[in-house]
Amino acid sequence: MTDENKGYPTGTRRSQGRSNAGRPPLLSVMASACIVAATLAVQSPLVAAQAKPDGQVVAPLGSGKAAATFASKDRLKIEAMLTDELQRVVDRQKRLEGQGKIVRVKASLDITSKALVIDLSRAYVPKFNGGRFEDQQHELAMVAMSILSGTIAVDEVRFLFDGKSIYKYFPQDEIAPRQPKATAVEPADLVVVSAAHGYYLHYKNNTWELQRPTAPHGVYEDFITQYLAQHLEGYLGARSAANLGIPRSHLSTTHAPSGHPWWKMSARTYLETQFPDNPSIWSTSGNQGDDRQYDQDINARPKFANHINATALLNIHTNADEGAGTARGTIVAYHAGRETSRALGSSVLCYMAEQIHAVPGYASFPVAAAPTGFTNKGENELAHMPAIIVETAFHTNATDAAALQDTNFQKGAMRGVEKGYRMWRQGKPCTAQAIASIPAATGNINTAFPVTVNFQGYPQLPVKAETKVVSCPATWNCSNMVKSTTMLSQTQLQYQILCTSPNQVADASFTVDTTLVDADGVRTQPVRNTYTCKWPAT
C-alpha cells in the first residue's frame, strides 16, 4: 500500500515476481457541575456462562431466541435451573437491615414481554429501598442473564416480592409516568455524564469508604469510571457540541475531610459543596442510617440532572459478576416502559458495537444488541429526562478488566456512547457503515477523473478509501492506493484517479477492491469495482 500521494497506475511494464492501574489523576478540569442455544434445557446452566479464549465470539448478555420458541417442558427445565442457581446466590448474600434469613426465589420467563421474572419472598424486602438493595438485585440479574446468554433473549428483568411490585412495600418511592422530551435537536444540549460511585462518609465508622472497595484484576470501579467519563465528555463537547453537567469533580486537589483527591469523591459529596442550600439534590433518601450517603449518592445524580433541566443523563459504570467471574461484555439498562430511554439505549449500544469492534484487538468484544429494561435502578428511575446506565464491561472478568484499563478500548467505547447519543438526538437510525455501490468510472489517461462511492452510515471525517489491486493489464504497473475523500453529500464520497503513461495508446481497465475507513478506524467490507483509462481520441 502506498501513501496518499502515490499509487496511480503507470504505463510501464511490471517487473516479474514483484509482490504487491496505577494511573495518574485526571489532568483536565471540566466545567463546573452547576452550569454546565436451544440445548440449554439439557445442559448445566453454567455452560452458557463459561469464559471463552480471547478472540472467540462470546454471546452478549440478553441475546438468544425468544422464550416462546421453546417447548413448555423445556422452558420449565430452564426456569428450574435458574431458580436453583439464584437460590444459591440469595442464600450466600449478606442480609440487609430488615431482611429475613430464609428467602425463597422463583425464576420464570414471561413469553409475552420477553421478561425474566425473579420473584422473591417477602422476607427479602429490607428496611430501606436503596442502593444496597439495588446491588443485591443486580447481582441476581447478572447471574441469570449470564446463564441465559446466547440461548434465550431477555428484554427486561422484573423483580417481584411475593408476587408484588416493590412499590407495594414502598409506595412513596413510585415515580409517576412523565411525558418525555422530544428528540428534536436544540441549539445546545445539556448532557449529564455521571461517573459511577466514589468515596462516601460512613457515619457509624466515621470513615470515608469506597462504594466498590475491591479491585478485581486491578480495576476499581469508583475510579475507572472517571477516566471513561472524561473521554465521553471530550467527545460530547467536540462532536455533539453539547454543554456538560458533571456531578463528580475532576480536580486533583485534596478533599480535606477525607484526605483523598476530589476526583475520587462521590457525586453526593461534590454536589453538597456546589448546592449547599439545596439538600433536595444531595440529601434525599428514606435511609437515615449510618450508610445513608450510599443511597444519597445514587439519588443525587438524577436529582442534579433534573435540577439543571438536562437533555439526557448518561450513567457510566463497569459491571460485576460476583460468582464465577465469567460474564463479559457491554450492556445498557433503561427504566422499563420509558420508550425514549429505550431508544437512546438502543442507539448507544449500536454505535458502541461499531466503535469498540473497530479498535484493534476488540473485533469480537461482546456488546448487547438491545438495552435491558429494569425498574429498580434509581439513577434511571428518578430522572425526568431520557436516562441510561452504560455497563461498559465486567471488571470481575480478566479479559474485560484488561480492556477497561486499555486507553484505546476506553476511547472506543466512549466514542460509541457519544455517537449513539448524537444519532438519537438527530433522529437517525442505527445504520451500519457500508459501501452501497461504486459505479464503474472512466477517464482519460494522464488526466485525473473522479471515482464515486455510494455509502450508508455516518462515518467520522476525514474518510479514506483503501484500494487493493485485483487485476492490472500486463503492460501497466499498478499498486494499492490510500486516497483521502471529500464528502459530496450524506450518502456519497469521491476521490480522484490518475493513470499516467508517456507511451500507452490503448485503453486499459483495472479492477480493485475498495474499503472505506473513517477517522475512528471503522472499516467497511471491501467492494469490487472497476475503472477504465482511455487514450484520448486524436
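Structure: above.
The following paragraphs examine the structure supplied in this document.

Details of the overall build of the protein chain
Moving on, step 1. For the protein chain, the count of helices and strands is ten helices and 24 strands.
Moving on, step 2. The burial tally for the protein chain puts 53% of its 538 residues in the buried class.
Moving on, step 3. Roughly 22,700 Å² of accessible area belongs to the protein chain as shown, and the carbon and sulfur atoms make up 52% of that amount.

Considerations on unusual backbone geometry
Moving on, step 1. Cis geometry marks the peptide bond from Leu-461 to Pro-462, where omega comes out at 0 degrees.
Moving on, step 2. Mapped onto the elements, Pro-462 comes out in the loop between strand S18 (449–456) and strand S19 (464–471).
Moving on, step 3. Non-glycine residue His-217 carries a positive phi angle of around 55 degrees.
Moving on, step 4. Mapped onto the fold, His-217 is located in the loop between strand S8 (207–209) and helix H3 (221–239).
Moving on, step 5. Notably, Asn-446 is not glycine yet its phi reads approximately 70 degrees, a positive angle.
Moving on, step 6. Relative to the helices and strands, Asn-446 resides in the loop between strand S17 (441–444) and S18.

As for the environment of His-231
Moving on, step 1. By the secondary structure assignment, His-231 is in helix H3.
Moving on, step 2. Considered as a pair, His-231 and Thr-407 are 176 residues apart in the sequence and their alpha carbons are 9.5 Å apart.
Moving on, step 3. Once residues within four sequence positions are removed from consideration, His-231 is found in contact with Thr-407, Gln-410, Lys-411 and Met-414.
Moving on, step 4. At a separation of 3.1 Å, a polar atom in the side chain of His-231 contacts the side chain of Gln-410.

Topic: the environment of Glu-156
Moving on, step 1. Summarising the element assignment, Glu-156 is placed in strand S5 (residues 156–161).
Moving on, step 2. Once the C-alpha coordinates of Glu-156 and Ala-333 are considered, the two residues, 177 residues apart in sequence, prove to be 9.1 Å apart.
Moving on, step 3. When residues no more than four places from it in sequence are discounted, the contact partners of Glu-156 are Lys-114, Ala-115, Leu-116, Ala-336, Thr-372 and Gly-373.
Moving on, step 4. A distance of 3.2 Å separates the side chain of Glu-156 from the side chain of Arg-158, its partner in a polar contact.

Re the state of the cysteines
Moving on, step 1. All told, the structure shown has three disulfides when counted by the stated rule.
Moving on, step 2. Cys-499 shares a disulfide with Cys-533; S-S distance 1.6 Å. Taken together, the residues span a long stretch of sequence, with Cys-499 in the loop between strand S22 (492–497) and strand S23 (508–517) and Cys-533 in strand S24 (residues 527–534) at a distance of 34 residues.
Moving on, step 3. Of the residues examined, Cys-499 reaches a relative accessible area of 0% and is grouped as buried.
Moving on, step 4. With its bonded cysteines labelled in order along the sequence, the protein chain shows the pairing 1-2, 3-4, 5-6.

Examining H3
Since the α-helix advances by 3.6 residues per turn, residues separated by three or four positions end up pointing in the same direction.
Moving on, step 1. With 19 residues, H3 should reach 27 Å at 1.5 Å per residue; the first-to-last C-alpha distance of 26 Å fits that figure.
Moving on, step 2. Among the 19 residues of H3, 15 are classified as buried, and the element is accordingly described as predominantly covered.
Moving on, step 3. Ala-241, located one to two residues past H3, shows a positive phi value of around 55 degrees.

What about the layout of surface pockets?
Moving on, step 1. Considering only enclosed or pocket space, the largest pocket measures out at about 1,200 Å³ in volume.
Moving on, step 2. The wall of the largest pocket is formed by 46 residues, among which Arg-132, Asp-135, Gln-136, Arg-212 and Tyr-294 lie closest to the centre.
Moving on, step 3. A class-by-class count of the residues in the lining of the largest pocket yields twelve nonpolar, 16 polar and 18 charged.
Moving on, step 4. Considering only enclosed or pocket space, the second largest pocket measures out at about 630 Å³ in volume.
Moving on, step 5. Taken together, 34 residues make up the lining of the second largest pocket; nearest its centre are Asn-129, Gly-130, Tyr-167, Asp-173 and Glu-381.
Moving on, step 6. Sorting the residues of the lining of the second largest pocket by element identifies helix H2 (131–148), S5, helix H6 (292–307) and helix H8 (378–381) as the ones contributing at least two each.
Moving on, step 7. Ranked by the residues each element gives to the lining of the second largest pocket, the list is headed by S5, at five residues.

Points about the packing of aromatic side chains
Moving on, step 1. Scanning all chains against the criterion turns up 15 aromatic pairs.
Moving on, step 2. One cation-aromatic arrangement involves Lys-377 over Phe-374; the distance from NZ or CZ to the ring centre is 5.0 Å.

Things to note about the pattern of salt bridges
Moving on, step 1. Considering all chains together, one arrives at 22 salt bridges under this definition.
Moving on, step 2. Of the charged contacts, one joins Arg-158 and Glu-156 as a salt bridge, the two residues approaching to 3.2 Å between their closest N and O atoms.
Moving on, step 3. Take Arg-158: its relative accessible area is 24%, and that puts it in the partly exposed class.
Moving on, step 4. Glu-272 is the salt-bridge partner of Arg-268, the closest N and O atoms lying 2.6 Å from each other. With Arg-268 and Glu-272 both in helix H4 (residues 267–274), this residue pair falls four residues apart, about one helical turn.

Some remarks on the side chain of Thr-511
Moving on, step 1. Secondary-structure assignment places Thr-511 in strand S23.
Moving on, step 2. Among the residues examined, Thr-511 registers a relative accessible area of 16% and is labelled buried.
Moving on, step 3. Here the side chain of Thr-511 touches Ser-471 through a polar contact of 3.1 Å, side chain to side chain.
Moving on, step 4. Excluding residues within four positions of it along the chain, Thr-511 makes contact with Lys-468, Val-469, Val-470, Ser-471, Arg-528, Asn-529 and Thr-530.

A few points about the sheet that holds S23
Sheet strands pair by backbone hydrogen bonding; their relative direction is either parallel or antiparallel.
Moving on, step 1. The strand order across the open sheet built from five strands is S17-S24-S23-S19-S20, with neighbouring strands paired in mixed fashion. The open sheet has two free edges, formed respectively by S17 and strand S20 (481–484), since each of these has just one partner strand. Each neighbouring strand pair of the sheet contributes to a mean axis angle of 35 degrees, computed without reference to strand direction.
Moving on, step 2. Here four bridges tie S17 to S24, and the two strands are oriented parallel to one another.

So, the packing of H3 against helix H10 (residues 407–425)
Moving on, step 1. Orientation of H3 relative to H10, taken along the N-to-C sense of each, is 45 degrees, at an axis distance of 8 Å. It follows from the interaxial angle that H3 and H10 lie oblique. Pair H3 / H10 crosses with right-handed handedness. Touching Ile-224, Tyr-227, Leu-228, His-231, Leu-232, Tyr-235, Leu-236 and Arg-239 of H3 are Thr-407, Gln-410, Lys-411, Met-414, Arg-415, Val-417, Glu-418, Tyr-421 and Arg-422, all from H10.
Moving on, step 2. Considering only residue class, the contact of H3 with H10 consists of nine nonpolar, three polar and five charged.

Let's talk about the packing of helix H1 (residues 72–92) against H2
Between two packed helices, the angle of one axis relative to the other and the distance separating the axes together describe the packing.
Moving on, step 1. Across the interface, H1 lies against H2 with an axial gap of 10 Å and an inter-helix angle of 145 degrees. Taken as a pair, H1 and H2 cross one another with a handedness that is right-handed. Here Ile-78, Leu-82, Glu-85, Leu-86, Val-89, Val-90 and Arg-92 of H1 lie close against H2, whose contacting residues are Glu-139, Leu-140, Val-143, Ala-144, Ile-147 and Leu-148.
Moving on, step 2. Looking at the contact of H1 with H2 residue by residue, the class counts come to ten nonpolar, no polar and three charged.

Procedures and definitions
- Residues numbered from 1 in each chain as written.
- Predicted model: local features only at pLDDT ≥ 70, side-chain atom pairs only at ≥ 80, totals over all residues.
- Heavy atoms only, no water.
- Helix = DSSP H or I, 4+ residues; strand = E, 2+ residues; numbered from the N terminus.
- Buried < 20%, exposed > 50% of the residue type's maximum accessible area, 1.4 Å probe, protein only.
- Areas by Shrake-Rupley, 256 points an atom, 1.4 Å probe, with all protein chains shown as cover.
- Contact = heavy atoms within 4.5 Å.
- Polar contact = N/O pair within 3.5 Å; in protein donor to acceptor, adjacent residues only side chain to side chain.
- Disulfide = S-S within 2.5 Å.
- Expected span 1.5 Å × (residues − 1).
- 1 Å grid on protein atoms, 1.4 Å probe; cavity = no way out; pocket = protein on both sides within 12 Å on 5 of 7 lines; lining within 4 Å.
- Points joined across faces, edges and corners; volume = space filled by probe spheres on them.
- Nonpolar A, V, L, I, M, F, W, Y, C, P; charged D, E, K, R; others polar.
- Phe/Tyr/Trp six-rings, centres within 6.5 Å; stacked < 30°, edge-to-face > 60°.
- Lys NZ or Arg CZ within 6 Å of the ring centre and 35° of its normal.
- Salt bridge = Lys/Arg side-chain N within 4 Å of Asp/Glu carboxyl O.
- Pairing = 2+ DSSP bridges.
- Axes fitted to C-alpha atoms, helices over the stretch in contact; angles between N-to-C directions.
- Parallel < 35°, antiparallel > 145°, perpendicular 65-115°, else oblique.
- Left-handed = near helix turned anticlockwise from the far one by under 90°.

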